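Residues per chain are reported as follows:
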Amino acid sequence: MRLEPREHTPLAARLLAPVAAVAAALALCALLVAWTGAPVLRAYGLLLEGAAGSRFALTETLTRATPLILTGLAAAVAFRAKLWNIGAEGQLYMGALVAVVLGGGMLDLPAWLLLPTVMIAGAAAGGATLLGPAVLKVRFGVDEVVTTLLLNFIVLLLVSMLLEGALKDPMGMGWPQSAPVVEAAELPKLVERTRLHTGLLVALGLSALLWLIDTRTIWGYENRAVGANPRAAAFAGMPVTRVMLRTALLSGGLAGLAGVIEVCGLKGYLTLDLSPGFGYSGIVVAMLAQLHPVGVVGAAVFIAGIFVGADAMSRAMPVPNYIADVLVATSLLCMLVAGLLTRYRLRRG
Amino acid sequence: MTSPPIVLRLSGITKRFGPLVANDSISLTLHKGEVLALLGENGAGKTTLMNILFGHYVADEGSIEAFGQPLPPGSPRAALAAGIGMVHQHFTLADNLSVLDNIAVGTESLWRPRSDRAAAKVKLLDLARRFGLEVRPDALVGDLSVGERQRAEILKALYRDARVLILDEPTAVLTPQESASLFDTLRRLTADGLAVVFISHKMNEVFAASDTVAVLRGGRLVATRNTAETDREELAELMVGRALKPPTPTPLEPGEPVLTLSGVTVASGHGRPLLDAVDLTVRRRQIVGIAGVSGNGQTALAELVSGLIHPDSGTMALKGEAAGNASPAEMVRRGVARIPEDRHAAGLVGAMAVWENLIAERYHDPAFQRFGLIRRGAARAYAEEVIAAFDVRCPGPDARTQLLSGGNMQKLILGRTLAHGPDLILASQPTRGLDVGAVSYVHGRLLEARAAGAGVLVISEDLDEILALADGITVAYHGRLTPVLPHGRVSVRQLGLLMAGHWEILPEIVGEGVP
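Residues numbered from 1 in each chain as written. Chains lettered and ligands numbered in written order. Predicted model: local features only at pLDDT ≥ 70, side-chain atom pairs only at ≥ 80, totals over all residues.

## Digging into the sheet that holds strand β3 (residues 35–40) of chain B
Residue and element names in this part refer to chain B. The strand order across the open sheet built from 6 strands is β6-β7-β8-β3-β9-β10, with neighbouring strands paired in mixed fashion. Both outer strands of the open sheet, β6 (84–87) and β10 (220–226), are each paired with one neighbouring strand and no more. For this sheet, the mean inter-axis angle between neighbouring strands, taken without regard to orientation, is 20°. Relative to strand β8 (residues 195–200), strand β7 (residues 164–168) runs parallel, the two being bridged by 5 bridges. Residue pairing across strands places D168 opposite I199, the latter belonging to β8. Packing of helix α5 (residues 146–159) onto the sheet brings it into contact with β6 and β7, and relative to β6 it is tilted by some 165°. The strands that helix α6 (residues 176–191) touches are β3, β7 and β8; relative to β8, the one it contacts most, it runs at about 150°. (Pairing = 2+ DSSP bridges. Helix = DSSP H or I, 4+ residues; strand = E, 2+ residues; numbered from the N terminus. Axes fitted to C-alpha atoms, helices over the stretch in contact; angles between N-to-C directions. Contact = placed C-beta atoms within 7 Å.)

## Section: the nonpolar core
Formed by 265 residues in total, the largest nonpolar core has its most connected members in A:V285, A:A300, A:I303, B:I166 and B:L457. It is helix α12 (residues 295–316) of chain A that provides the largest number of residues to this core, a total of 14 residues. Each residue touching B:I166, except ones within four places of it in the same chain, is listed here: B:M50, B:L53, B:F54, B:I84, B:G85, B:M86, B:V87 and B:V197. (Core = buried A, V, L, I, M, F, W, Y, C linked by C-beta atoms within 7 Å. Buried ≥ 20, exposed ≤ 12 C-beta atoms within 10 Å, placed from the backbone.)

## Digging into the domain arrangement of chain B
Residues and elements named next belong to chain B. Looking at the assigned domains, one finds that chain B contains domain 1 (6–240), domain 2 (248–335 + 421–515) and domain 3 (349–420). A straight line from the C-alpha centre of domain 2 to that of domain 3 covers 27 Å. Listed as interface residues are 10 residues of domain 2 and, on the opposing side, 8 residues of domain 3. Element by element, the count of residues in the side of domain 2 that touches domain 3 is highest for helix α15 (residues 436–451), at 4 residues. Grouping the constituent residues of the side of domain 2 that touches domain 3 by class yields 6 nonpolar, 2 polar and 2 charged. (Domains from an automatic or database assignment. Nonpolar A, V, L, I, M, F, W, Y, C, P; charged D, E, K, R; others polar.)

## So, helix α13 (residues 322–343) of chain A
Residue and element names in this part refer to chain A. Taking 1.5 Å per residue, 22 residues should reach 32 Å; α13 reaches 32 Å between its end C-alpha atoms and fits that length. I323, A324, L327, V328, T330, S331, C334, M335 and A338 are the residues of α13 that are buried. Lining the buried residues of α13 we find α1 (11–35), α11 (278–288) and α12. (Expected span 1.5 Å × (residues − 1).)

## Overview of the interface of chain B and chain A
Contact residues are listed per partner, giving 28 residues for chain B and 19 residues for chain A. Looking at the side of chain B that touches chain A, the elements with two or more residues in it are α10 (328–333), α11 (343–347) and β18 (373–374) of chain B.

## What to know about the UniProt feature "domain: ABC transporter" (unreviewed entry) in chain B
Look at the UniProt record and you will see "domain: ABC transporter" (unreviewed entry) annotated at residues 8–243 and 259–503 of chain B. Structurally, residues 259–503 of chain B comprises 34% helix and 24% strand, and the distance from its first C-alpha atom to its last is 25 Å. (UniProt positions renumbered as here; feature names shortened; annotations may be inferred.)

## Describing the sheet that holds strand β14 (residues 313–318) of chain B
The strands that make up a sheet are held in pairs by hydrogen bonds between backbone atoms, and each pair lies either parallel or antiparallel. Residues and elements named next belong to chain B. Spatially, β12-β11-β14-β15 is the arrangement adopted by the 4 strands of the open sheet, whose pairing is antiparallel. Of all strands in the sheet, those bounded by a partner on one side alone are β12 (275–283) and β15 (321–322). Bridge analysis of strand β11 (residues 257–266) against β12 gives 6 bridges, and the strand direction is antiparallel. From the neighbouring strand, T260 faces β12, where its bridge partner is T281. Most of the contacts of helix α9 (residues 298–306) go to β11, to which it runs at about 125°, and overall it touches β11, β12 and β14.

## Concerning the environment of A:R195
Residue and element names in this part refer to chain A. With respect to the helices and strands, R195 occurs in the loop between α6 (144–164) and α7 (199–216). C-beta crowding within 10 Å serves as the criterion here: with 16 such atoms nearby, R195 is assigned to the partly exposed category. With near-sequence residues (within four places) excluded, R195 lies in contact with T59, E60, T63 and L266.

And the structure:
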């Protein structure tokens, strides 16, 4: 067997690739489900019901999808420029940190001013966190995979230190958590008596905005050229370094905003378990979406549905909800294979 | 007289890449002691055919027999075992190993605790003596000249007892003298009973070295001839499919200087500088050709004039104004049309549309953007114009650039740069990898621009190209440039000597040049 490059990838193949990858992942994970002794079809049925079977299930899935859209966009934007940002998790916590500091009573502003301020500041914090590794990459060729990944641990330890110290909520019964943000810094609910909040609209708006920037502006034009062929872009006179740094600010900013929105829309305060790995899952979301900003929305909803549905399923039958992590990881692997097959064809001999 | 035994028989080889038929039922035979030249334009299928023979590709149809035995497809190991050796166009040697290690690597089992270097060295030196392939077995490959590397590659094949040697465009990187010595070697090899296939698109080499010539065109074998019974005109017509006449530059009076380099040095960070105190002037209505073996500073010179790097000392001026620190964008603004050496890697973004590549150097122009929004309609319309004016064969402005052929990519770059009446044109390897038709198109456009008043700097490893175009020729060697020698006052032999670093002959040429 050998791989030969395709001259042309039909649009249908690009659209079908994630569907096929997910189907393959579900089929592979069926083996694990069967191993627990549970009936596979019923397990997947419960998973689907738990993810989309009711108004409650749907709002839960969308609530879960909101930060994933943002971290997915963060990964997509960076990866398109071949800036391998693995640090969205840390950037998310930096954004959340700024949200509880500024939104926790430090700024006394009306809601219409406070929320945007907190969001912009949180995004700036996330962007600044990625700027360092990006500068090291463009100036000295330091591998950003290593620096951004390790920065995650530094940020988490910083947050841990602050939650045990300066930011610890005096009313928190000794738990390592921050004081809640003031009411003016809370994102309004989108649907009454559910957890779904207007952060979803922010995420959807940004997805559309990024798509427009990508296709309609000279910014997006430069980004695509630098991402696809930095040497040709530099030769043609494009500011490659500036584009890379701009991309870093944007990607880190999106991840930071995910942290702000999780705090201001859902949790209200900061704990060390604010994110169950949204930063890392964002990478899977971006890959499933083939780095397309609009595709990210669909991929994020899918991944969120797996997590939410697996929780519901594990309550009804003896399949641990870890199956969600396995499913998501398997989807990523299958997507990488599917992506390969859209660019190459397999030949025998 | 009985003809010598057949060592290699290719029957009905067909290979498709998607819709492209790279080889269309090609059948060939090679006899013991024969040198077969495989002649054809780029894209005619020569390299594909040899890659099938050597097992890099698997043919869709057809079979290969070596020394009477069928050769299993798709296995370079089987090809080596059958006595077929290949010297690739791009050498496959490790720079950080010695010649001996490079040659011996892969010939011994990995499980052997230590290799028998002494015996390997004896065998290597014996081969080198027999075939006149002088090498230093203990030198690091990274320190060798290109000619030496090629000898090491040939020895590597011989060391593995190759009886059939395939050479892919072996002279592309050699000086004329080195090529002559290569052809000497080939004669010694065939006298010893080896058979050689060499791939070429240069006519004079075919006559210098081959016994038989097979001409490929568009994936088909169009003719096989005894070299002694054919001539250039016949082969050229077979290769191209029609008669071609070369462009004839009309003499023009050069105008004021558009590019002036004085004492330009560019450091390399280690050892010898990339450019060493280079002086060069290009005037309007003049084509200056830079000849030289690759790796003698041509790339640095091109990057300098492109605005990608800047002089460490010395000055560069455009139309009399300093331009040493100009960025690529500023060079474009100041009227420099830049044709890069590697159009895939540096010239075009293959994943983007044709129109997007056409505006890449001037997307800030208000014609193409307003408030940062791209005026797609205007950009597409502009692209349509350039596509028509420069005869770019593509489905339209929205086609993805990587689907274009090499010649059309080059026309795209010409359209992007020449459409704006440049003062200076930098053309790096402007016709590398192009077919004969595209070559004459590119040359015609460069001559047109010269007539319109532009100064042209042509950097090419193809001496024939320089000779066909240039009004003045300078030779690059070790980062230095000879004075510009007027075309017609310097012979090919002298250029070859200069390319090999024998600058002591310069006074005799320059002396001849003084009226």
